[in-house]
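These are the residues of each chain, in order.
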Amino acid sequence: MNIEYLLNLLKENNISRYKLCKLIGFSYGSLSDLISGRSVIPRLDTIIKIAQALDLNDHEFAELCGYKNDK
């Protein structure tokens, strides 16, 4: 998962980490572990919930998953 991209999306959409947790039903501690690298690979359903909460399109979802968007 592309953590830097996730943090940029949160900033662009003016969504706090706490609010994201509430939107996706994820604990703040688990999100902190994911962002800090203590939890390296998130479950696919977690990534999908994040994408839905941020209303990502296919290209944004791919980048969130760690695939680079070659423009």
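The structure this text deals with has already been given above.
In this text the structure is predicted, and so the values were computed from the model without any measurement.

Within helix H3 (residues 28–36), burial applies to Leu 31, Leu 34 and Ile 35. Buried positions in H3, seen along its axis, are confined to an arc of 95 degrees and lie on one side of it. Taken together, the buried residues of H3 touch helix H1 (3–12) and helix H2 (17–24). Where H3 terminates, the next one or two residues include Gly 37, which has phi positive at roughly 95 degrees.

Remark: H2 packs on H3, axes separated minimally by 9 Å, with the N-to-C direction vectors making an angle of 115 degrees. For the pair H2 and H3, the crossing hand works out as right-handed. Contact residues: H2 offers Arg 17, Tyr 18, Leu 20 and Cys 21, while H3 offers Tyr 28, Leu 31 and Ile 35.

Relative to each other, H2 and helix H4 (residues 44–53) sit at 110 degrees, their axes nearing to 9 Å. Relative to H4, H2 is oriented roughly perpendicular. Facing H2, whose interface residues are Leu 20, Leu 23 and Ile 24, H4 presents Lys 49, Ile 50 and Ala 53. Within the contact of H2 with H4, the residues separate by chemical class into 5 nonpolar, no polar and 1 charged.

The next point concerns the side chain of Asn 2. Among the secondary structure elements, Asn 2 is positioned in the segment before H1. A polar contact is formed between the side chain of Asn 2 and the backbone nitrogen of Glu 4, at a distance of 3.4 Å. Looking at Asn 2, its side chain comes within polar contact range of the main-chain nitrogen of Tyr 5, at 3.0 Å. The residues contacting Asn 2, other than those within four sequence positions of it, are Glu 63, Leu 64, Cys 65, Gly 66 and Lys 68.

Calculation rules
- Residues numbered from 1 in each chain as written.
- Predicted model: local features only at pLDDT ≥ 70, side-chain atom pairs only at ≥ 80, totals over all residues.
- Heavy atoms only, no water.
- Buried < 20%, exposed > 50% of the residue type's maximum accessible area, 1.4 Å probe, protein only.
- Helix = DSSP H or I, 4+ residues; strand = E, 2+ residues; numbered from the N terminus.
- Arc of directions from axis to C-beta.
- Contact = heavy atoms within 4.5 Å.
- Axes fitted to C-alpha atoms, helices over the stretch in contact; angles between N-to-C directions.
- Left-handed = near helix turned anticlockwise from the far one by under 90°.
- Parallel < 35°, antiparallel > 145°, perpendicular 65-115°, else oblique.
- Nonpolar A, V, L, I, M, F, W, Y, C, P; charged D, E, K, R; others polar.
- Polar contact = N/O pair within 3.5 Å; in protein donor to acceptor, adjacent residues only side chain to side chain.

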